[in-house]
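# Tertiary structure, described
Each chain, written out:
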Amino acid sequence: MTDRRSCILIAAALCLLAAELRFFRLGDWSFHGDELATLDETRSLVAGPDAQANSQIHRLPRLVPVSGYLQLFGHEFFGRDEFGSRVLPALLGTLCVLLVFLLLDQTAGRVTALATALLLALWPEHLYRSQENRFYMIAALFASLTMLSGALAVQRRSYAWTGIACLFACAAVLSHTLQALLFGGLFLAIGLTAWVGRDRQLARLLGVVLGASALAGVVFVVVLLPVLRGWNSGETWGYSVAHSVFASISQLGWPIVLLAALGVLSIWKQGDIQTWYWSAWAAVWAGATVVLPFVVAYHPAYVFPLSLGVLVLAGRSIALIYEALREHNVPAAVAWLGLTCVLSLPSLVSYYADGSRFDFREPAEFVSKHWQPGDRVGTFSPRLLQHYTKDGIEPIGLRVSNPLADVQKLSRQGERLWIVIPSSRSGKPEDLDRWLGRHCSLQLRHRPKRFDYYENVTEVFLYEPEHGLRVAAGE
């Protein structure tokens, strides 16, 4: 079998695997998080803002127009329901796996490329972002292409590939603003390899990166900064540095992070330029994880597009051990390659139990079926719940910071109160849990069985004034 033919066959198999995983049960999950907001944002691109022009629904798609218009295309072409709105991210997630293999095959070797692509295809977080109606998968694709093009630029000492990497970085920034870190990462990665290799020709490529960064900076200041001003002001999502670091590690999985650390250590034995290059990108991922909580209202999804460097280093470790084993025992080498690439299998299987998200569809249908005129409904995510309830039901939002105060206030209004509460394995806030247990009856608990540690539970409680009065009398 020729090398070209084997490459095509492996690429086809990877593409099929990635597509099967990303389209499996694609429309089964209810909308979650900001997925409904994405529908409003893309609608505002063609219909104008429904609210004030300075609202985030209006500003966000104009701040990230590449992802905004790509998502708009996906919605118009495939539909705006749970399946159609996620088709584009699923296609891009599949394409990302394919391109990672094909481009890494040219710079890092066949086994490293295969191992990295398999890790990516089977990575639950990548699968989740590929089945989410949001811009993270778009940003991740362009960020990955930036890093992969930079690797080709380093290998070939190519100004053209450096320029292509900068163009992809621009597309990533216009897909998710925080990906501006890619310009600094590209400068660091190419600069480090030039310094390690004492290669002046590589160092000259930095001029292309600096020029593109300056041009991108002008565009940012003139065009994007006015739209960005005041973004998320006052928001505090509570991510400390320790919380951020462990969230990022959990997002990738400990086995992948440990294999990546082994890949970094291999520099002292192997010392190849490409390992230095990808180590720089892993450092960018780690640095962003530590620094961003001090700069923005942080969420772990913000560093998801920057994760490829860690995966490549893990793939490099797998390849090194595979090559060492193959010299003595080929079956053992093949078994090692296969086993290490399914390290996240328990989480992957668990993902398909609930899509790694809370279900608002079933609780909404239950409330709609039993709702009576005059009833009130309270929940943390009123927009999501309203999307699935019948007309006439307008859920009231509960503050995440102090839900019990809001629930008690609503309960004093003398009407039946439905309370829809999502919670993880850590459970509900303790004071809220006690109050619900004493004053309400549990009507529904939706808890799909997962095979890892996590749980996504959605419960429906009913407060009836008569019951509340009896409890108060007993007090």
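My aim in this report is to walk through the structure given alongside it, one point at a time. Everything numeric here is computed off the predicted structure, so don't read it as measured data.

## Topic: the overall build of the protein chain
Along the backbone of the protein chain there are 22 helices and 5 strands. The C-alpha atoms of the protein chain give 25 Å as radius of gyration, which agrees with the globular expectation for 475 residues (23 Å, within 12%). When the backbone C-alpha atoms are referred to their principal axes, the protein chain occupies close to 80 × 55 × 40 Å. Going through the 475 residues of the protein chain one by one, you find that 52% of them count as buried. When contacts within the protein chain are restricted to residue pairs at least 6 apart in sequence, long-range pairs at least 24 apart make up 74% of them. Accessible surface, the protein chain as shown: approximately 21300 Å² in total, 61% of it carbon and sulfur. Averaging the positions of the 40 positive and the 37 negative side-chain charges in the protein chain gives two centres separated by 6 Å.

## Digging into the packing of aromatic side chains
Applying the stated rule across the entire model yields 15 aromatic pairs. Taking 6.1 Å as the distance between ring centres and 75° as the angle between the ring planes, the aromatic pair formed by W29 and Y351 counts as edge-to-face. On the criterion of sequence distance, the pair formed by W29 in the loop between α1 (3–23) and α2 (35–47) and Y351 in helix α17 (residues 345–354) is long-range, its members being 322 residues apart. The exposure classification of W29 matches that of Y351, with both residues buried. Between W123 and F304, the aromatic rings sit 5.5 Å apart at their centres with planes inclined by 40°, giving tilted as the arrangement. Of this pair, W123 sits in the loop between α6 (110–121) and α7 (124–130) while F304 sits in the loop between α14 (273–295) and α15 (308–326), and the two are 181 residues apart along the sequence. By relative accessible area, W123 is classed as buried at 2%. Judged by its relative accessible area of 3%, F304 falls in the buried class. One aromatic cluster in this structure is built from F24, W29, Y351 and Y352. The lysine or arginine in question, R129, covers the ring of Y136, its NZ or CZ lying 5.0 Å from the ring centre. When the ring centre of W195 is taken as origin, the NZ or CZ atom of R198, which lies over that ring, is 5.2 Å away.

## Notes on the packing of α1 against helix α5 (residues 84–107)
Relative orientation of the contacting elements α1 and α5 amounts to 155°, with a least axis distance of 9 Å. The angle between α1 and α5 falls in the class roughly antiparallel. Taken as a pair, α1 and α5 cross one another with a handedness that is right-handed. Here C7, I10, A11, L14, C15, A18, A19, R22 and F23 of α1 come into contact with α5, specifically with V87, A90, L91, G93, T94, V97, L98, F101, L102 and D105. Residue composition of the contact of α1 with α5, by class: 15 nonpolar, 2 polar and 2 charged.

## Structural notes on the sheet that holds strand β1 (residues 376–379)
Spatially, β2-β1-β3-β5-β4 is the arrangement adopted by the 5 strands of the open sheet, whose pairing is mixed. This sheet does not close on itself; its edge strands, each paired only once, are β2 (396–397) and β4 (440–446). As defined by bridge partners, strand β3 (residues 417–423) adjoins strand β5 (residues 457–463) across 7 bridges and the pair is classed as antiparallel. What sits directly across from I421, in β5, is E459. In the packing of helix α20 (residues 403–411) onto the sheet, the strands contacted are β1, β2, β3 and β5, and the crossing angle to β3 comes to about 165°. Of the strands in this sheet, β3, β4 and β5 touch helix α21 (residues 430–439), which is tilted by about 115° from β4.

## A look at the pairing of β1
Relative to β3, β1 runs parallel, the two sharing 4 bridges. By the bridge assignment, V377 is partnered in β3 with W418. As judged from the 2 bridges shared by β1 and β2, these two strands associate in the parallel manner. Each bridged residue has a counterpart across the sheet, and for G378 the counterpart in β2 is I396. Considered for its hand, the β-α-β crossover made up of β1, helix α19 (residues 382–388) and β2 is right-handed.

## What about the nonpolar core?
Ranked by size, the top nonpolar core spans 90 residues in total, and within it Y277, W278 and W281 carry the most contacts. Looking at which element gives the most residues to this core, the answer is helix α8 (residues 136–156), with 14 residues. With near-sequence residues (within four places) excluded, Y277 lies in contact with T146, M147, G150, A151, V154, L186, A189 and T193. In terms of nonpolar packing, the next biggest core, distinct from the first, is built from 19 residues, F31, V377, L384 and V420 among them.

## What about the environment of T275?
Following the sequence through the fold, T275 ends up in helix α14. Distance in space between the C-alpha atoms of T275 and V312 is 8.8 Å, their sequence separation being 37 residues.

## Let's talk about unusual backbone geometry
Leaving glycine aside, a negative phi is the common case for residues, and trans is the common case for peptide bonds. Although it is not a glycine, R157 sits at a positive phi angle of roughly 50°. Mapped onto the fold, R157 is located in the loop between α8 and α9 (159–173). Positive phi, normally seen in glycine, also occurs at S356, with a value near 55°.

## Concerning the side chain of T193
As for its position among the elements, T193 is in helix α10 (residues 181–196). On the basis of relative accessibility, which here comes to 0%, the residue T193 falls in the buried class. Dropping the residues within four chain positions of it, T193 is found in contact with V154, L202, I273, W276 and Y277.

## Concerning α21
Of all the positions in α21, only L432, W435, L436 and H439 are classed as buried. Axial view of α21: buried residues confined to an arc of 100°, hence all on one face. In this structure, α21 carries E430, R434 and G437 as exposed residues pointing more than 90 degrees from its buried face.

Thresholds, definitions, all that
- Residues numbered from 1 in each chain as written.
- Predicted model: local features only at pLDDT ≥ 70, side-chain atom pairs only at ≥ 80, totals over all residues.
- Heavy atoms only, no water.
- Helix = DSSP H or I, 4+ residues; strand = E, 2+ residues; numbered from the N terminus.
- Rg over C-alpha atoms; globule rule 2.2 N^0.38 Å.
- Buried < 20%, exposed > 50% of the residue type's maximum accessible area, 1.4 Å probe, protein only.
- Contact = heavy atoms within 4.5 Å.
- Areas by Shrake-Rupley, 256 points an atom, 1.4 Å probe, with all protein chains shown as cover.
- Lys, Arg positive; Asp, Glu negative; His and termini not counted.
- Charge placed at Lys NZ, Arg CZ, Asp CG, Glu CD.
- Phe/Tyr/Trp six-rings, centres within 6.5 Å; stacked < 30°, edge-to-face > 60°.
- Lys NZ or Arg CZ within 6 Å of the ring centre and 35° of its normal.
- Axes fitted to C-alpha atoms, helices over the stretch in contact; angles between N-to-C directions.
- Parallel < 35°, antiparallel > 145°, perpendicular 65-115°, else oblique.
- Left-handed = near helix turned anticlockwise from the far one by under 90°.
- Nonpolar A, V, L, I, M, F, W, Y, C, P; charged D, E, K, R; others polar.
- Pairing = 2+ DSSP bridges.
- Right-handed = clockwise from strand over helix to strand, strands pointing away.
- Core = buried A, V, L, I, M, F, W, Y, C linked by side-chain atoms within 4.5 Å.
- Arc of directions from axis to C-beta.

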